[in-house]
Amino acid sequence: MSHAVNVHPLFSPWGRFGLYSFYIDAPEPAIVDTGIASSPAEGMAPALEAIGRRIEDVRWILLTHGHIDHIGGAHALWELTGRRAQVVIHEADAPMLRSRRAHVDEYLAGRGQYLGHPEGEAKVTAATQAVISGEMEPSLLVNGGETLSLGGDVTVSVHAIPGHTPGSVAYCLDGQRSVFVGDAVQVHGAANGFPGYTHPAAYRAGLEYVRDELRPEHLYLGHPYRRADGTPYGVELDAAQAREALGQSLEAEHRVGAAACGCLEAGLRETASPYSPFAPAAEELGYTGDPTLEPSPFFTSMHGYRTQHHQNS
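Note that the structure is predicted; figures quoted are calculated from it, not measured. Here the residue numbering is sequential within each chain, running from 1 through the sequence in written order. The predicted origin of the model limits local features to residues at a pLDDT of at least 70 and limits the giving and counting of side-chain atom pairs to 80 or more, whereas totals for whole chains, interfaces and linings rest on all residues. Think of the side-chain values as coming from all heavy atoms in the structure, minus any hydrogens and water.

(A) Structural detail: the pattern of salt bridges. Salt bridge, as applied in this entry: a Lys or Arg side-chain nitrogen positioned within 4 Å of an Asp or Glu carboxyl oxygen. All told, the structure shown has 13 salt bridges when counted by the stated rule. Between Arg 54 and Asp 57 there is a salt bridge, with its nearest N and O atoms 3.0 Å apart. Asp 57 gets classed as partly exposed once you look at its relative accessible area, which sits at 30%. The shortest N-O distance in the salt bridge between Asp 105 and Arg 101 comes to 2.9 Å. One end of the pair is Asp 105 and the other is Arg 101, both in helix α5 (residues 100–109) and four residues apart, which spans about a single turn. Three or more residues are tied together by salt bridges with common partners; here these are Arg 101, Asp 105 and Glu 121. Each residue gets one of three labels from its accessible area relative to the maximum for its type: buried under 20%, exposed over 50%, partly exposed in between, using a 1.4 Å probe on protein chains only. Think of it this way: any DSSP run of H or I at least four residues long counts as a helix, any run of E at least two long counts as a strand, and we number them from the N terminus.

(B) Region of the structure containing the nonpolar core. Counting residues in each nonpolar core, the largest one holds 45 residues, and the members touching the most others are Val 181, Phe 278, Phe 298 and Met 302. Looking at which element gives the most residues to this core, the answer is helix α9 (residues 239–266), with nine residues. Membership of the second largest hydrophobic core comes to 24 residues, among which are Met 44, Ile 61, Ile 68 and Val 131. What we call a nonpolar core is a set of buried Ala, Val, Leu, Ile, Met, Phe, Trp, Tyr and Cys residues that are connected through their side-chain atoms within 4.5 Å.

(C) Structural view of the pairing of strand β10 (residues 178–182). In terms of burial, β10 is a largely internal element, five of the five residues being buried. Judged by which residues are buried, β10 turns out to be covered on both faces: Ser 178, Phe 180 and Gly 182 on one side and Val 179 and Val 181 on the other are all buried. Strands are labelled as partners when DSSP assigns at least two bridges between them. Direction of pairing for strand β9 (residues 169–173) relative to β10: antiparallel, over a ladder of three bridges. Each bridged residue has a counterpart across the sheet, and for Tyr 171 the counterpart in β10 is Phe 180. Adjacent in sequence and paired antiparallel, β9 and β10 are bridged by four residues, among which Gly 175 carries a positive phi angle near 95 degrees. With four bridges connecting them, β10 and strand β11 (residues 218–221) associate as parallel partners. Bridge pairing in β11 places Ser 178 opposite His 218.

(D) Structural view of the packing of helix α8 (residues 200–214) against α9. The axes used here are C-alpha line fits, helices contributing only the stretch in contact, and every angle between their N-to-C directions lies in the interval 0 to 180 degrees. Taken N-terminus to C-terminus, the directions of α8 and α9 make an angle of 160 degrees; their axes are 10 Å apart at the nearest point. In terms of orientation, α8 and α9 fall into the roughly antiparallel class. Here α8 runs over α9; the crossing is left-handed. In this structure, α8 uses Pro 200, Tyr 203, Arg 204, Leu 207, Glu 208, Val 210 and Arg 211 to contact α9, whose residues at the interface are Leu 246, Ser 249, Leu 250, Glu 253 and His 254. Each residue is assigned to one of three groups, with Ala, Val, Leu, Ile, Met, Phe, Trp, Tyr, Cys and Pro labelled nonpolar, Asp, Glu, Lys and Arg labelled charged, and all others, Gly among them, labelled polar. Partitioned by chemical class, the residues of the contact of α8 with α9 number six nonpolar, two polar and four charged. By the definition adopted for this analysis, an angle is roughly parallel if under 35 degrees, roughly antiparallel if over 145, roughly perpendicular if from 65 to 115, and oblique otherwise. Handedness of each helix crossing follows the sense of rotation of the near helix against the far helix: counterclockwise by less than a right angle gives left-handed, clockwise gives right-handed. Pairs of residues are marked as contacts when any of their non-hydrogen atoms sit within 4.5 Å.

(E) Quick peek at the pairing of strand β8 (residues 155–160). The pairing of strand β7 (residues 147–149) with β8 spans three bridges and is classified as antiparallel. The residue of β8 that forms the bridge with Thr 147 is Ser 157.

(F) Up close: α9. With 28 residues, α9 should reach 40 Å at 1.5 Å per residue; the first-to-last C-alpha distance of 41 Å fits that figure. What qualifies as a polar contact is a pair of N or O atoms within 3.5 Å, subject to a donor-acceptor requirement within protein and to the restriction that residues adjacent in sequence count only when both atoms come from side chains. Two or three places before Ala 240, at the opening of α9, Asp 238 has a side-chain oxygen 3.2 Å from that residue's backbone nitrogen. At the exit of α9 stands Gly 267, carrying a positive phi of roughly 100 degrees. Here the expected span of a helix is defined as 1.5 Å times the quantity of residues minus one.

(G) Highlighting helix α11 (residues 297–312). Spanning 16 residues, α11 covers 22 Å between terminal C-alpha atoms, matching the ideal 22 Å at 1.5 Å per step. Along α11, the residues that are buried comprise Pro 297, Phe 298, Phe 299, Thr 300, Ser 301, Met 302, His 303, Gly 304, Tyr 305 and Gln 308. Buried-residue contacts for α11 involve α5, α6 (112–115), α8, α9 and α10 (279–285).

Structure (C-alpha cells):
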C-alpha cells in the first residue's frame, strides 16, 4: 500500500476485563473483534465519533476467534452498519457465532469437567444470553490464506493460528506488518494470571508462525497480557515488544507444558485442592490464582494437555 493505514483501539469495559476492538481506517473501514453486546453502542460508537468517524460506515467486521468477549457484539455492530458490513470468521469457530449453545457445549466438554459447579451450565447459558447480542450466519468463512480488500490498495491477509481456539486467526495489514491476533498471544495470561489455550501444540506453532513468518512491526492484542513479572503490556506493541511478548509466550507454554505433562505422566489424582486433578502442576508453576473465575484458563489449558497426551499415547 502507498501509505500507512491508521489503526485506532476501541475500549469497552466489562467486569475485570478491558475489552479491545480495533478500527482500521481504510476506504472500506473495518473493526477487528466486537466485545460484548453493549460494546458497539457504548464503547465503539462514541470512540469513533471522537475521531470523526461513524460506526454506520464500517464495512468489515473481522473476528479473530469465537469467544463471547470477541463475538458478543457482532450482531449489534452489524445492525448498526445497516447490515451492510461483512462479518468474517474462521470456519472452525463459526458455530460460536451461529449459536449461543455452542459456548455451553464448549464449557461442558472442557473446563466444566473440573470446576464442579452444579449450576455451571445454567450460569454459562445465562452469560451467553446477556453478552451475545444475537446469533447470526457469518458473511464470509475463512480458513487462512485469503486476502480481503478494504478498498483502494488496502488489503488484509488472513492467517490461521489455531491453539487458543480451533479457529483463531491473525489478520495482517499487508505492506505495514500490522498484525491483529486477538487472544492467540497469551504471554503469561491476562486478568487470571495464566495463559489459556485449547490445543497446546497448535498454540505453540501459531506463536512461532507469527514470530517467524508475520514478523509484526505492530502487534495488536485482545487484552493487556502480562509479562513474567506481572506487569501488563498495552494492546499496541511495537516490533521489539512484539518479539518479547512472543518469546515470553513460548517460554510460558514450555513451562506450563512441562508441569502438565509431568502431572499427566504421574497419573491424575482427585484431591481436595481447587486445582484438582492438576494440583501438582499448579504447585510446580507457583500458580495461586482462583481457577474458578471465568474464563478459567488454568483448567482450559490443563484439559488441552490432557487431550493432547491421550492423542499421543
